[in-house]
Amino acid sequence: MAYSTLIVEQGVARLTLNRPDVHNAFDDSLIAELNAHLEKLHTLAQAGDVRVVVLGSEGKSFSAGADLNWMKRMVDYDLADNLADSRKLAALMHGLDTLPCPTVCRVQGAAFGGAVGLAACCDVVIASEKAKFCLSEVKIGLSPAVISPYVQRALGVRQMRRYALTAEVMDAPTALALGLAHQVVEREALDSAVDAMLATLLAGSPQAQRATKALLASVVQSPDSDATREHTCHVIAKLRVSQEGQEGLSSFFEKRRPVWTSPEEHNNAAEPRS
(Lines give C-alpha, C1' and ligand atoms only; values in the text may rest on other atoms or scores of the structure.)
Protein backbone atom coordinates (compact mmCIF):
# COMPACT_ATOMS: atom_id res chain seq x y z
CA MET A 1 0.00 0.00 0.00
CA ALA A 2 1.34 3.44 -0.95
CA TYR A 3 1.79 5.82 1.94
CA SER A 4 2.03 8.83 -0.35
CA THR A 5 0.85 9.99 -3.75
CA LEU A 6 2.37 12.11 -6.49
CA ILE A 7 0.10 13.68 -9.09
CA VAL A 8 1.39 16.03 -11.80
CA GLU A 9 -1.09 18.12 -13.77
CA GLN A 10 -0.39 21.15 -15.95
CA GLY A 11 3.00 21.78 -14.40
CA VAL A 12 1.82 21.48 -10.78
CA ALA A 13 2.95 18.47 -8.75
CA ARG A 14 1.02 17.53 -5.64
CA LEU A 15 2.97 15.33 -3.24
CA THR A 16 0.62 14.09 -0.54
CA LEU A 17 1.21 12.10 2.63
CA ASN A 18 -1.55 9.51 2.79
CA ARG A 19 -1.55 7.82 6.19
CA PRO A 20 -4.45 9.66 7.85
CA ASP A 21 -5.19 6.71 10.15
CA VAL A 22 -1.86 7.34 11.92
CA HIS A 23 -1.85 11.12 11.44
CA ASN A 24 0.56 10.79 8.50
CA ALA A 25 3.39 9.67 10.76
CA PHE A 26 6.82 8.94 9.27
CA ASP A 27 8.29 5.49 9.00
CA ASP A 28 11.04 4.03 6.86
CA SER A 29 8.58 3.04 4.10
CA LEU A 30 7.11 6.53 3.83
CA ILE A 31 10.58 8.08 3.80
CA ALA A 32 11.67 5.72 1.02
CA GLU A 33 8.57 6.58 -1.03
CA LEU A 34 9.08 10.32 -0.58
CA ASN A 35 12.74 10.06 -1.57
CA ALA A 36 11.74 8.23 -4.76
CA HIS A 37 9.11 10.89 -5.54
CA LEU A 38 11.61 13.69 -4.93
CA GLU A 39 14.19 12.12 -7.20
CA LYS A 40 11.58 12.10 -9.98
CA LEU A 41 10.53 15.66 -9.18
CA HIS A 42 14.10 16.93 -9.38
CA THR A 43 14.31 15.64 -12.94
CA LEU A 44 10.90 17.01 -13.93
CA ALA A 45 11.52 20.40 -12.33
CA GLN A 46 14.96 20.80 -13.90
CA ALA A 47 13.43 20.04 -17.31
CA GLY A 48 10.66 22.57 -16.72
CA ASP A 49 7.90 19.94 -16.77
CA VAL A 50 7.02 20.73 -13.14
CA ARG A 51 6.70 24.40 -12.25
CA VAL A 52 5.53 24.18 -8.62
CA VAL A 53 5.32 21.41 -6.01
CA VAL A 54 2.62 21.39 -3.34
CA LEU A 55 3.38 19.27 -0.27
CA GLY A 56 0.30 18.31 1.73
CA SER A 57 -1.40 15.46 3.53
CA GLU A 58 -4.74 13.77 3.98
CA GLY A 59 -6.81 13.87 7.14
CA LYS A 60 -6.85 16.02 10.26
CA SER A 61 -3.10 16.25 10.88
CA PHE A 62 -0.29 17.34 8.60
CA SER A 63 2.06 14.82 10.22
CA ALA A 64 2.54 13.58 13.77
CA GLY A 65 6.25 12.96 13.26
CA ALA A 66 7.78 9.52 13.80
CA ASP A 67 5.53 6.47 13.62
CA LEU A 68 5.23 4.63 16.96
CA ASN A 69 5.83 1.17 15.47
CA TRP A 70 8.90 2.49 13.67
CA MET A 71 10.18 3.94 16.95
CA LYS A 72 9.66 0.59 18.68
CA ARG A 73 11.82 -1.07 16.03
CA MET A 74 14.51 1.58 16.55
CA VAL A 75 15.00 0.39 20.12
CA ASP A 76 16.78 -2.68 18.75
CA TYR A 77 18.85 -0.79 16.16
CA ASP A 78 22.60 -0.53 16.72
CA LEU A 79 24.61 2.59 15.88
CA ALA A 80 25.16 1.55 12.26
CA ASP A 81 21.43 0.88 11.76
CA ASN A 82 20.54 4.26 13.25
CA LEU A 83 23.07 6.05 11.07
CA ALA A 84 21.68 4.42 7.93
CA ASP A 85 18.14 5.28 8.99
CA SER A 86 19.01 8.89 9.77
CA ARG A 87 20.78 9.35 6.46
CA LYS A 88 17.61 8.44 4.59
CA LEU A 89 15.69 11.10 6.51
CA ALA A 90 18.50 13.57 5.84
CA ALA A 91 18.25 12.75 2.12
CA LEU A 92 14.52 13.49 2.28
CA MET A 93 15.03 16.92 3.83
CA HIS A 94 17.86 17.80 1.46
CA GLY A 95 15.90 16.58 -1.56
CA LEU A 96 12.89 18.70 -0.68
CA ASP A 97 14.99 21.73 0.22
CA THR A 98 16.92 21.67 -3.05
CA LEU A 99 14.08 21.12 -5.51
CA PRO A 100 14.79 23.52 -8.40
CA CYS A 101 11.22 24.82 -8.58
CA PRO A 102 9.15 26.68 -5.96
CA THR A 103 7.53 24.56 -3.24
CA VAL A 104 4.40 25.25 -1.20
CA CYS A 105 3.59 23.44 2.04
CA ARG A 106 -0.08 23.07 2.97
CA VAL A 107 -0.42 22.56 6.73
CA GLN A 108 -3.96 21.86 7.89
CA GLY A 109 -3.27 20.56 11.41
CA ALA A 110 -0.57 19.26 13.71
CA ALA A 111 3.01 19.19 12.41
CA PHE A 112 5.28 17.55 14.97
CA GLY A 113 8.91 16.43 14.96
CA GLY A 114 10.22 15.76 11.46
CA ALA A 115 7.13 17.34 9.95
CA VAL A 116 8.40 20.73 11.12
CA GLY A 117 11.46 19.99 9.02
CA LEU A 118 9.31 19.31 5.96
CA ALA A 119 7.61 22.67 6.37
CA ALA A 120 10.91 24.47 6.89
CA CYS A 121 12.32 22.95 3.69
CA CYS A 122 9.52 24.42 1.58
CA ASP A 123 9.69 27.91 0.08
CA VAL A 124 6.20 28.94 1.16
CA VAL A 125 4.20 27.60 4.10
CA ILE A 126 0.45 28.23 4.22
CA ALA A 127 -1.17 27.06 7.43
CA SER A 128 -4.67 26.69 8.74
CA GLU A 129 -5.52 28.57 11.91
CA LYS A 130 -5.84 25.08 13.44
CA ALA A 131 -2.22 24.19 12.65
CA LYS A 132 0.26 23.52 15.44
CA PHE A 133 4.01 23.01 15.22
CA CYS A 134 6.24 21.30 17.74
CA LEU A 135 9.87 20.20 17.94
CA SER A 136 8.90 17.44 20.32
CA GLU A 137 12.06 15.30 20.29
CA VAL A 138 13.60 16.21 23.66
CA LYS A 139 10.50 14.93 25.45
CA ILE A 140 11.46 11.39 24.46
CA GLY A 141 15.20 11.76 24.92
CA LEU A 142 16.03 12.63 21.32
CA SER A 143 16.99 15.73 19.35
CA PRO A 144 15.68 17.43 16.18
CA ALA A 145 19.14 16.81 14.77
CA VAL A 146 18.53 15.99 11.11
CA ILE A 147 15.97 18.76 10.61
CA SER A 148 17.84 21.37 12.68
CA PRO A 149 19.66 23.13 9.79
CA TYR A 150 16.38 23.83 8.02
CA VAL A 151 14.25 24.72 11.04
CA GLN A 152 16.95 26.95 12.51
CA ARG A 153 17.21 28.75 9.18
CA ALA A 154 13.47 29.44 9.35
CA LEU A 155 13.24 30.38 13.04
CA GLY A 156 16.63 31.94 13.61
CA VAL A 157 19.16 30.79 16.20
CA ARG A 158 17.56 32.45 19.23
CA GLN A 159 14.05 31.08 18.71
CA MET A 160 15.40 27.67 17.69
CA ARG A 161 17.18 27.38 21.03
CA ARG A 162 13.93 27.96 22.87
CA TYR A 163 11.62 25.70 20.92
CA ALA A 164 14.12 22.86 20.38
CA LEU A 165 14.93 22.76 24.11
CA THR A 166 11.42 23.26 25.52
CA ALA A 167 9.36 21.28 22.98
CA GLU A 168 6.65 23.90 23.39
CA VAL A 169 3.81 23.83 20.89
CA MET A 170 3.66 26.78 18.51
CA ASP A 171 0.17 27.70 17.42
CA ALA A 172 -0.35 29.05 13.91
CA PRO A 173 -0.08 32.77 14.83
CA THR A 174 3.18 32.08 16.69
CA ALA A 175 4.58 30.14 13.73
CA LEU A 176 3.63 33.08 11.51
CA ALA A 177 5.27 35.61 13.81
CA LEU A 178 8.48 33.56 14.01
CA GLY A 179 8.75 33.05 10.26
CA LEU A 180 8.05 29.33 10.11
CA ALA A 181 4.73 29.98 8.34
CA HIS A 182 4.16 32.67 5.71
CA GLN A 183 0.37 32.82 5.78
CA VAL A 184 -2.35 31.68 8.18
CA VAL A 185 -5.95 31.36 7.03
CA GLU A 186 -9.20 29.83 8.24
CA ARG A 187 -9.38 26.09 7.66
CA GLU A 188 -12.10 26.50 5.05
CA ALA A 189 -9.93 28.96 3.09
CA LEU A 190 -6.77 26.83 3.07
CA ASP A 191 -7.19 25.34 -0.40
CA SER A 192 -8.14 28.63 -2.00
CA ALA A 193 -5.10 30.28 -0.38
CA VAL A 194 -2.85 27.55 -1.79
CA ASP A 195 -4.44 27.95 -5.22
CA ALA A 196 -3.89 31.71 -5.09
CA MET A 197 -0.22 31.18 -4.25
CA LEU A 198 0.08 28.70 -7.13
CA ALA A 199 -1.30 31.31 -9.53
CA THR A 200 1.20 33.84 -8.20
CA LEU A 201 4.15 31.47 -8.59
CA LEU A 202 3.06 30.31 -12.05
CA ALA A 203 3.13 33.93 -13.22
CA GLY A 204 6.90 34.02 -12.72
CA SER A 205 9.56 32.93 -15.17
CA PRO A 206 10.40 29.24 -14.63
CA GLN A 207 14.03 29.81 -15.55
CA ALA A 208 14.32 32.84 -13.27
CA GLN A 209 12.77 30.94 -10.37
CA ARG A 210 15.19 28.04 -10.76
CA ALA A 211 18.12 30.44 -10.98
CA THR A 212 16.91 32.41 -7.96
CA LYS A 213 16.54 29.32 -5.76
CA ALA A 214 20.07 28.24 -6.64
CA LEU A 215 21.37 31.78 -6.12
CA LEU A 216 19.82 32.15 -2.67
CA ALA A 217 21.23 28.80 -1.56
CA SER A 218 24.67 29.98 -2.65
CA VAL A 219 24.44 33.48 -1.21
CA VAL A 220 23.48 32.31 2.28
CA GLN A 221 26.79 30.43 2.57
CA SER A 222 28.90 33.56 2.18
CA PRO A 223 26.74 36.67 1.73
CA ASP A 224 29.52 39.27 1.69
CA SER A 225 32.48 38.07 -0.32
CA ASP A 226 34.08 38.96 -3.62
CA ALA A 227 33.18 35.52 -4.99
CA THR A 228 29.51 35.91 -4.04
CA ARG A 229 29.27 39.38 -5.54
CA GLU A 230 30.82 38.16 -8.78
CA HIS A 231 28.48 35.16 -8.82
CA THR A 232 25.40 37.40 -8.44
CA CYS A 233 26.60 39.52 -11.36
CA HIS A 234 26.94 36.45 -13.57
CA VAL A 235 23.46 35.20 -12.61
CA ILE A 236 21.65 38.41 -13.56
CA ALA A 237 23.76 38.95 -16.71
CA LYS A 238 22.98 35.46 -18.00
CA LEU A 239 19.27 35.87 -17.25
CA ARG A 240 19.11 39.21 -19.10
CA VAL A 241 20.35 37.67 -22.36
CA SER A 242 18.42 34.41 -21.99
CA GLN A 243 15.27 33.58 -23.93
CA GLU A 244 12.98 34.03 -20.92
CA GLY A 245 14.80 37.15 -19.77
CA GLN A 246 14.38 38.77 -23.17
CA GLU A 247 10.74 37.72 -23.28
CA GLY A 248 10.11 39.04 -19.79
CA LEU A 249 11.55 42.46 -20.60
CA SER A 250 9.74 42.63 -23.93
CA SER A 251 6.38 41.68 -22.43
CA PHE A 252 6.82 44.26 -19.68
CA PHE A 253 7.48 47.11 -22.10
CA GLU A 254 4.81 45.91 -24.52
CA LYS A 255 2.27 45.61 -21.69
CA ARG A 256 1.34 41.99 -22.39
CA ARG A 257 1.57 38.70 -20.57
CA PRO A 258 4.84 36.77 -21.01
CA VAL A 259 4.54 33.57 -22.97
CA TRP A 260 5.42 31.28 -20.05
CA THR A 261 2.02 32.05 -18.52
CA SER A 262 0.48 30.29 -21.53
CA PRO A 263 2.02 26.81 -22.04
CA GLU A 264 0.83 26.44 -25.62
CA GLU A 265 2.58 29.69 -26.58
CA HIS A 266 5.83 28.94 -24.73
CA ASN A 267 7.52 27.22 -27.68
CA ASN A 268 7.01 30.32 -29.80
CA ALA A 269 9.19 32.53 -27.61
CA ALA A 270 11.83 34.57 -29.39
CA GLU A 271 15.44 33.39 -29.57
CA PRO A 272 17.93 35.13 -27.22
CA ARG A 273 19.38 38.39 -28.43
CA SER A 274 22.88 39.58 -27.63
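Presented here is a report on the structure given in the accompanying data block. (Residues numbered from 1 in each chain as written. Predicted model: local features only at pLDDT ≥ 70, side-chain atom pairs only at ≥ 80, totals over all residues. Heavy atoms only, no water.)

### As for the overall build of the chain
Here comes step 1: Within the chain one finds 12 helices and 9 strands.
Here comes step 2: Its C-alpha atoms give the chain a radius of gyration of 20 Å, within 12% of the compact-globule value 19 Å for 274 residues.
Here comes step 3: Oriented by its inertia axes, the alpha-carbon framework of the chain measures out at about 60 × 45 × 35 Å.
Here comes step 4: Here the chain holds 274 residues, and 43% of them are scored as buried. (Helix = DSSP H or I, 4+ residues; strand = E, 2+ residues; numbered from the N terminus. Rg over C-alpha atoms; globule rule 2.2 N^0.38 Å. Buried < 20%, exposed > 50% of the residue type's maximum accessible area, 1.4 Å probe, protein only.)

### A short note on the packing of aromatic side chains
Here comes step 1: Within this structure, the stated rule accounts for 0 aromatic pairs.
Here comes step 2: Between Arg19 and the ring centre of Tyr3, over which it is positioned, the NZ or CZ distance is 4.1 Å. (Phe/Tyr/Trp six-rings, centres within 6.5 Å; stacked < 30°, edge-to-face > 60°. Lys NZ or Arg CZ within 6 Å of the ring centre and 35° of its normal.)

### What to know about the sheet that holds strand 7 (residues 132-134)
Here comes step 1: Spatially, 3 strands are ordered 5-7-8 in an open sheet, and the strand pairing comes out mixed. Every other strand in the sheet has two partners, leaving strand 5 (110-112) and strand 8 (169-171) as the edge strands with one partner each. For this sheet the average axis-to-axis angle between neighbouring strands, irrespective of direction, equals 20°.
Here comes step 2: Pairing between strand 5 and strand 7: 3 bridges, direction parallel. Of the residues in strand 7, the one forming a bridge with Ala111 is Phe133. (Pairing = 2+ DSSP bridges. Axes fitted to C-alpha atoms, helices over the stretch in contact; angles between N-to-C directions.)

### Digging into the pattern of salt bridges
Here comes step 1: On inspection of all chains with the given rule, the structure shows 10 salt bridges.
Here comes step 2: Note that Glu168 and Arg162 form a salt bridge whose closest N and O atoms lie 2.7 Å from each other.
Here comes step 3: A relative accessible area of 29% means that Glu168 is categorised as partly exposed.
Here comes step 4: Note on Arg162: relative accessible area 41%, which makes it partly exposed.
Here comes step 5: A salt bridge links Arg256 to Glu247, with the nearest nitrogen and oxygen atoms 2.6 Å apart.
Here comes step 6: Among the residues examined, Glu247 registers a relative accessible area of 8% and is labelled buried.
Here comes step 7: A network of salt bridges, in which partner residues are shared, links Arg19, Asp27 and Asp67. (Salt bridge = Lys/Arg side-chain N within 4 Å of Asp/Glu carboxyl O.)

### Here's the deal with the packing of helix 5 (residues 148-155) against helix 6 (residues 157-166)
Here comes step 1: One way to put it is that helix 5 packs onto helix 6 with a least axis distance of 7 Å and a crossing angle of 120°. The angle between helix 5 and helix 6 places the two elements in the oblique class. Considering how the two elements wind past one another, helix 5 and helix 6 form a crossing that is right-handed. Where helix 5 abuts helix 6, its residues Ser148, Val151, Gln152 and Leu155 lie against Val157, Gln159 and Met160. (Parallel < 35°, antiparallel > 145°, perpendicular 65-115°, else oblique. Left-handed = near helix turned anticlockwise from the far one by under 90°. Contact = heavy atoms within 4.5 Å.)

### A short note on the environment of Tyr77
Here comes step 1: As for its position among the elements, Tyr77 is in the loop between helix 2 (68-74) and helix 3 (79-97).
Here comes step 2: Discounting residues that sit within four places of it in the chain, Tyr77 has contacts with Asp28, Trp70, Asn82 and Asp85.

### A closer look at the sheet that holds strand 4 (residues 103-107)
Either a parallel or an antiparallel arrangement is found when strands of a sheet pair, and the pairing is made through backbone hydrogen bonds.
Here comes step 1: An order of 1-2-3-4-6-9 is seen for the 6 strands of this open sheet, with the pairing classed as mixed. Here the strands that pair on one side only, and so sit at the sheet edges, are strand 1 (4-9) and strand 9 (183-185). If you compare each strand with its neighbour and ignore which way they point, the axes differ by 20° on average.
Here comes step 2: The pairing of strand 3 (residues 52-57) with strand 4 spans 3 bridges and is classified as parallel. Its bridge partner being in strand 4, Val53 is matched across the sheet by Thr103.

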